[in-house]
Amino acid sequence: MRRQNITLSNIIVVLILAVVLLLGGCAKKEKPQETTAEAPQQVVLRLAETHPPDYPTTKGDYKFAELVKERTNGRIVIEVYPSSQLGEEKAVIEQVQFGSIDLTRVSIAPVGAFVPILNALQLPYLYRDSDHMWKVLKGDIGKELLKSVEDAGFIGFGWFEAGARSFYTKKPVRTPDDLKGMKIRVMENDLMVAMVNALGGVATPMPYGEVYSALQTGVIDGAENNWPSYYTSGHYEVAKYYTLDEHLRVPEIIIGSKISLSQKLTPEEIEILKQAAWHAIEYQREQWAAYEKVAEEKVRAAGNTIIPVEDKSAWQARMKDLYAKQSPEIQEIVRRIQEVQ
Ligand code: GTR
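Quantities reported herein were computed from a predicted structural model and do not represent experimental measurements.

1. Quick look at the site of the ligand
Looking at the ligand, there are 13 residues lining it, with H51, E89, R185, N225 and E252 nearest. Taking H51, its side chain carries an N or O atom lying 2.7 Å from an oxygen atom of the ligand. Note that an oxygen atom of the ligand is positioned 2.8 Å from one of the side-chain N or O atoms of R185. Residues belonging to the shell around the ligand are distributed by class as follows: two nonpolar, six polar and five charged. Each of domain 1 (43-163 + 250-298) and domain 2 (165-249 + 307-328) accounts for three or more of the residues forming the shell around the ligand.

2. A few points about the pattern of salt bridges
For the structure on display, the rule yields 16 salt bridges. A salt bridge links E89 to R105; its shortest N-O distance comes to 3.7 Å. Of this pair, E89 sits in helix α3 (residues 89-98) while R105 sits in strand β3 (residues 103-107), and the two are 16 residues apart along the sequence. Comparing E89 with R105, the two get one shared label, buried. For R105, the salt bridge is made with E252, and the minimal N-O distance between the two is 2.5 Å. Here R105 is found in strand β3, whereas its partner E252 is found in strand β10 (residues 252-257), with 147 residues between them in sequence. There is no split in this pair, since R105 and E252 are both buried. In the salt-bridge network here, residues are joined through shared partners; they are E49, E89, R105 and E252.

3. Comments concerning the sheet that holds β3
The strands making up a sheet associate through backbone hydrogen bonding, with each pair oriented either parallel or antiparallel. Spatial ordering of the open sheet is given by β2-β1-β3-β10-β4, a layout of five strands whose pairing is mixed. Edge positions in the open sheet fall to β2 (76-81) and β4 (154-160), since each of these has one partner strand only. Each strand of the sheet is rotated relative to its neighbour by a mean of 25°, with strand direction disregarded. Set on the sheet, helix α2 (residues 56-71) makes contact with β1 (43-49), β2, β3, β4 and β10; between it and β2 the angle comes to about 165°.

4. Thoughts on helix α7 (residues 190-198)
The complete set of buried residues in α7 reads L191, M192, M195 and V196. Buried residues of α7 fall within an arc of 130° about the axis and therefore sit on the same side. In this fold, the buried residues of α7 make contact with α4 (108-112), β5 (165-169), β6 (183-186), β7 (202-205), β9 (241-248) and α14 (320-324). Backbone nitrogen of L191 and a side-chain oxygen of the N-cap are separated by 2.8 Å at the start of α7; the cap is N189. Where α7 terminates, the next one or two residues include G200, which has phi positive at roughly 100°.

5. Side note on the confidence of the model for the protein
Put simply, the protein has an average pLDDT of 92, and 88% of its residues get 70 or more. Every residue in residues 1-6 is under pLDDT 50, and counting partners more than four places away or in other chains gives zero contacts. Low pLDDT, under 50, characterises residues 13-36; the stretch is placed with six contacts to residues that sit more than four places away or in other chains.

6. Re the environment of R336
On the secondary structure map, R336 appears in helix α15 (residues 328-339). Judged by relative accessible area, which is 24%, R336 ranks as partly exposed. Taking C-alpha positions, R336 is 9.0 Å from V136, a pair spaced 200 residues apart along the chain. When neighbours within four sequence positions are excluded, R336 is seen to be in contact with D140, I141 and E144.

7. Section: the nonpolar core
Counting 78 residues, the largest nonpolar core has F64, I78, L121 and W159 as its most contacted members. Looking at this core element by element, the count peaks at six residues for helix α12 (residues 267-301). There are two domains that each give this core at least three residues, and those are domain 1 (43-163 + 250-298) and domain 2 (165-249 + 307-328). Of all hydrophobic cores here, the second largest spans 18 residues; its members include M206, W227, Y236 and V238.

8. Points about α3
Here α3 has its buried residues at E89, V92, I93 and V96. Buried residues of α3, viewed axially, fall in a sector of 100°; they line one side. Of the surrounding elements, those touching the buried residues of α3 are β1, β3, α4, β4 and β10. Immediately beyond the C-terminal end of α3, within one or two residues, lies G99, with a positive phi of roughly 90°.

9. What to know about the packing of aromatic side chains
Using the criterion set out here, one finds eleven aromatic pairs in the structure. Measuring from ring centre to ring centre gives 6.0 Å for Y168 and Y242, while their planes differ by 55°; the resulting arrangement is tilted. Note that Y168 is positioned in strand β5 and Y242 in strand β9, a separation of 74 residues in sequence. Residue Y168 is classed as buried on the basis of its relative accessible area of 1%. Given a relative accessible area of 1%, Y242 falls into the buried group. On the numbers, 5.3 Å between centres and 45° between planes, the contact of Y231 with Y236 is tilted. The ring of Y81 has R46 lying over it, and the distance from NZ or CZ to the ring centre is 5.9 Å. The positively charged end of K63 is found above the aromatic ring belonging to Y283, 4.8 Å away from the centroid.

Parameters and conventions
- Every chain is numbered on its own, with residues counted from 1 as its sequence reads.
- Totals for whole chains, interfaces and linings use every residue, but because this is a predicted model, local features are given only for residues with pLDDT of at least 70 and side-chain atom pairs only at 80 or more, for both listing and counting.
- Values reported for side chains reflect all heavy atoms of the structure, with hydrogen atoms and water molecules removed beforehand.
- Being near a molecule or strand, for a residue, comes down to having at least one heavy atom within 4 Å of it.
- Pairs of N or O atoms within 3.5 Å make up the polar contacts considered here, provided that, within protein, one atom can donate a hydrogen while the other can accept it, and that residues adjacent in sequence are counted only when both atoms are side-chain atoms.
- Put simply, Ala, Val, Leu, Ile, Met, Phe, Trp, Tyr, Cys and Pro go in the nonpolar bin, Asp, Glu, Lys and Arg in the charged bin, and everything else, Gly too, in the polar bin.
- Domain extents, as shown, originate in an automatic or database domain assignment.
- Salt bridges are defined as contacts in which a side-chain nitrogen from Lys or Arg sits within 4 Å of a carboxyl oxygen from Asp or Glu.
- Only runs of H or I of at least four residues qualify as helices and only runs of E of at least two qualify as strands under DSSP, and these elements are numbered from the N terminus.
- A simple rule labels every residue: compare its accessible area, found with a 1.4 Å probe on the protein chains alone, to the largest value its type can have, and call it buried under 20%, exposed over 50%, or partly exposed in between.
- One requirement defines pairing of two strands: DSSP has to find at least two bridges between them.
- Each axis is a line fitted through C-alpha atoms, and for a helix only the stretch in contact is used; angles between axes span 0 to 180 degrees, taken between their N-to-C directions.
- We call two residues in contact when some of their heavy atoms are within 4.5 Å.
- Directions from the helix axis toward the C-beta atoms define the arc.
- For every residue, the predictor reports its confidence as pLDDT, a number between 0 and 100.
- Buried Ala, Val, Leu, Ile, Met, Phe, Trp, Tyr and Cys residues that are joined via side-chain atoms within 4.5 Å together make up what is termed a nonpolar core.
- Planes of paired rings set the category: under 30 degrees apart is stacked, over 60 is edge-to-face and the rest tilted, where pairs are Phe, Tyr or Trp rings (Trp by its six-membered ring) whose centres lie within 6.5 Å.
- Only when the NZ atom of a Lys or the CZ atom of an Arg is both within 6 Å of the ring centre and within 35 degrees of the ring normal do we say a charge sits over the ring.

Right, dumping it as structure tokens:
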């Protein structure tokens, strides 16, 4: 009788264990099932963009969103919020870091304040031309630096083109000496402050959206940007001299939030986003090339004074100290960039 009892209780224990294991197994399997075709639950991600809808980077964002939607059979929808609807770049980057915005396309200039090693990709007069920059971005250096943003809580997806930046001012600037004492708006990164100060100007960091009125009211005497931004921001209306010294080529970047994306997506899906961003690059570069011409034509047609700079050596010479002050890690990357043919 006693024996029988033990056997019975053993059977009960075994049965309970089996049920627990079975339930555990089901619970584990449940998650992937949610993401399969049987029960596709849509995930909506917000992407912040500072430029208007027809700007080449915004078009690149739309292409990225389209590829992601296609490749996930409609499961992942990226909603692009253009025209700074979600805020200015620095504030947006902070929100991406904390997970309240999922994705953003920004200039790497403000990201450099969070990930200093990115300054290696945006030193003044660093690249010979756009092709040189793209060889760097698509090669080992670009891949390493795209990954480097992870330490600051981001996921790096891909690079976009942003042309060359030059100074625009309220009075003509022909040589670096002409910048002396002029208040020049720069992007929010100490590197940009140091660059303008090295040229003799007085650097004034501020968000992009504040530059128009700062120029208009005389809070600043000038700023600097590429043709498309000079045109679409309307800055060309209030700072009519554009000096083509092309001191910077600053890549754009698509970054995502490690916090929010690792909650909302599987590692495989994050990989799909990475591939899609990489595939959107060529489209964005084509859009860029076409729009750069349009913007230049519009600005010239408006009667602005365009000042060519044939010889950049006097400008470049002022950057020696800035290069020398960079960390050994940055200097090493700069050395590798200069070697890229
Ligand atoms: C533009 C860039 C923006 C923003 C802006 C600025 O060229 O595309 O992301 O950084 O410059 O000067 O703030």
